[in-house]
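In case you want the letters, here they are:
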Amino acid sequence: MDRTLVILCGGDSSRMGTTKALLPFEDKTMVEYIYDKFSPYFNKIYLSVNERGDFSHLDIDAQEIPDISKNGGPYAGIMSSLTMISGEKAFFMSVDTPFMDPRTAVFLYDNSEGYDITSFNFTGKYTDTICGVFSKKCIGTLFKGIFFNRTSYNYILDKVYNNLYDTSEIEAFSKISVDQQFYKVNDRQSYYYAVFSILKKNFTC
């Protein structure tokens, strides 16, 4: 197994009012929950952070990579991480999508050879979802997009060699629905829903 994962933990969490990665989730923090779930599938894991040391107090074997740019949103975190990781590519996901199935990440990673970006053809409510494999060939495009304040998903995709799958492909290898996998914990209401969902699942198991 030679797969690299980057969990995007930066951002100002303005709607949540506190750092989402450190929110309690089950018996740990949200970032620890994702780390524990994905670590059997990825041998290298990094955390994209605002500042180095943000999560050094956690028991996570993952190198922190601080953002080079503070105004580029998640794509600044992706660009910064691509310049620092040891491999040529990584699967990127946001810390606010805790229900994503690791098999979704593996599917994209194992079908990313030769492409700059391998992801899904997100439409509608999923258009701002960060879920995909980015290679170091994207660094130049990401830098230009951040410099000229053009950091939309469609703008980046239009400039690179991409491999996009329909989200219906997920049904072939995962029982977790698309809506659940890409559910985003953006505010207190969505966080409480996520916590309740986990409690309900554990209670009925």
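Residues numbered from 1 in each chain as written. Predicted model: local features only at pLDDT ≥ 70, side-chain atom pairs only at ≥ 80, totals over all residues. Heavy atoms only, no water.

*Asks:* Is there a simple way to explain the nonpolar core in this structure?
*Replies:* In globular proteins that are soluble, nonpolar side chains generally tend to be buried together. Among the nonpolar cores identified, the biggest contains 66 residues, and Ile78, Phe91, Phe92, Phe120 and Phe182 are the most heavily contacted of them. The biggest single contributor to this core is helix H1 (residues 30-38), with 6 residues. If sequence neighbours within four positions are ignored, phenylalanine 91 has contacts with Thr4, Leu5, Val6, Phe42, Met100, Ala105, Leu108, Tyr109, Cys131, Gly132 and Val133. (Core = buried A, V, L, I, M, F, W, Y, C linked by side-chain atoms within 4.5 Å. Buried < 20%, exposed > 50% of the residue type's maximum accessible area, 1.4 Å probe, protein only. Helix = DSSP H or I, 4+ residues; strand = E, 2+ residues; numbered from the N terminus. Contact = heavy atoms within 4.5 Å.)

*Asks:* Looking at this structure, how should I read H1?
*Replies:* One turn of an α-helix holds 3.6 residues; hence residues three or four places apart share an orientation. Here H1 lies mainly inside the structure; 7 of its 9 residues are buried. Met30, Val31, Glu32, Tyr33, Ile34, Tyr35 and Phe38 are the residues of H1 that are buried.

*Asks:* How should I be thinking about the pattern of salt bridges in this particular structure?
*Replies:* A pair can form between side chains of opposite charge whenever their charged atoms are brought close. Counted according to the given criterion, the structure contains 7 salt bridges. Note that aspartate 27 and lysine 28 form a salt bridge whose closest N and O atoms lie 3.8 Å from each other. A residue is classified by how much of its surface remains accessible, and aspartate 27, at 69% relative accessible area, is exposed. For lysine 28, a relative accessible area of 24% corresponds to the partly exposed category. Bridged by salt links that share partners, the residues Asp27, Lys28 and Asp36 form one connected network. (Salt bridge = Lys/Arg side-chain N within 4 Å of Asp/Glu carboxyl O.)

*Asks:* Explain the side chain of serine 48 to me, please; I cannot follow it from the model alone.
*Replies:* Note on placement: serine 48 falls in strand S4 (residues 44-49). The class for serine 48 is buried, based on a relative accessible area of 2%. Ignoring anything within four residues of it in the chain, the contact list for serine 48 reads Val6, Ile7, Leu8, Cys9, Gly10, Ile65, Asp67, Gly77 and Ser81.

*Asks:* Explain the environment of isoleucine 146 here, please?
*Replies:* Summarising the element assignment, isoleucine 146 is placed in helix H4 (residues 139-147). Owing to a relative accessible area of 17%, isoleucine 146 belongs among the buried residues under this scheme. Linking isoleucine 146 and lysine 89, residues 57 residues apart in sequence, is a C-alpha distance of 20 Å. Those residues within four positions of isoleucine 146 in sequence are excluded, and the remaining contacts are Ser69, Gly72, Tyr75, Ala76, Met79 and Thr151.

*Asks:* I tried to follow the pairing of S4 on my own but got confused; where do I start?
*Replies:* Walk down a regular strand and you will see the side chains alternate between the two sheet faces. Most of S4 sits out of view: 5 of its 6 residues are buried. Direction of pairing for strand S1 (residues 4-8) relative to S4: parallel, over a ladder of 5 bridges. Its bridge partner lying in S4, isoleucine 7 is registered against leucine 47. Both S4 and strand S5 (residues 63-66) contribute to a ladder of 4 bridges, which runs parallel. By the bridge assignment, leucine 47 is partnered in S5 with glutamate 64. (Pairing = 2+ DSSP bridges.)

*Asks:* Teacher, can you tell me more about the sheet that holds strand S8 (residues 131-135) here?
*Replies:* Adjacent strands of a sheet form backbone hydrogen bonds with each other and so pair up, either parallel or antiparallel. Ordered by their spatial adjacency, 7 strands build an open sheet running S5-S4-S1-S6-S8-S7-S9, and the pairing between neighbours is mixed. Unpaired on one side and paired on the other, S5 and strand S9 (162-165) mark the two borders of the sheet. Taking the axes of each pair of neighbouring strands and ignoring which way they run, one obtains an average angle of 25 degrees across the sheet. Sheet analysis places S1 next to strand S6 (residues 89-94), joined by 4 bridges and oriented parallel. By the bridge assignment for S6, leucine 5 is matched with phenylalanine 91. Against the sheet, helix H2 (residues 73-84) engages S1, S4, S5, S6 and S8, with an angle of about 125 degrees to S5. (Axes fitted to C-alpha atoms, helices over the stretch in contact; angles between N-to-C directions.)

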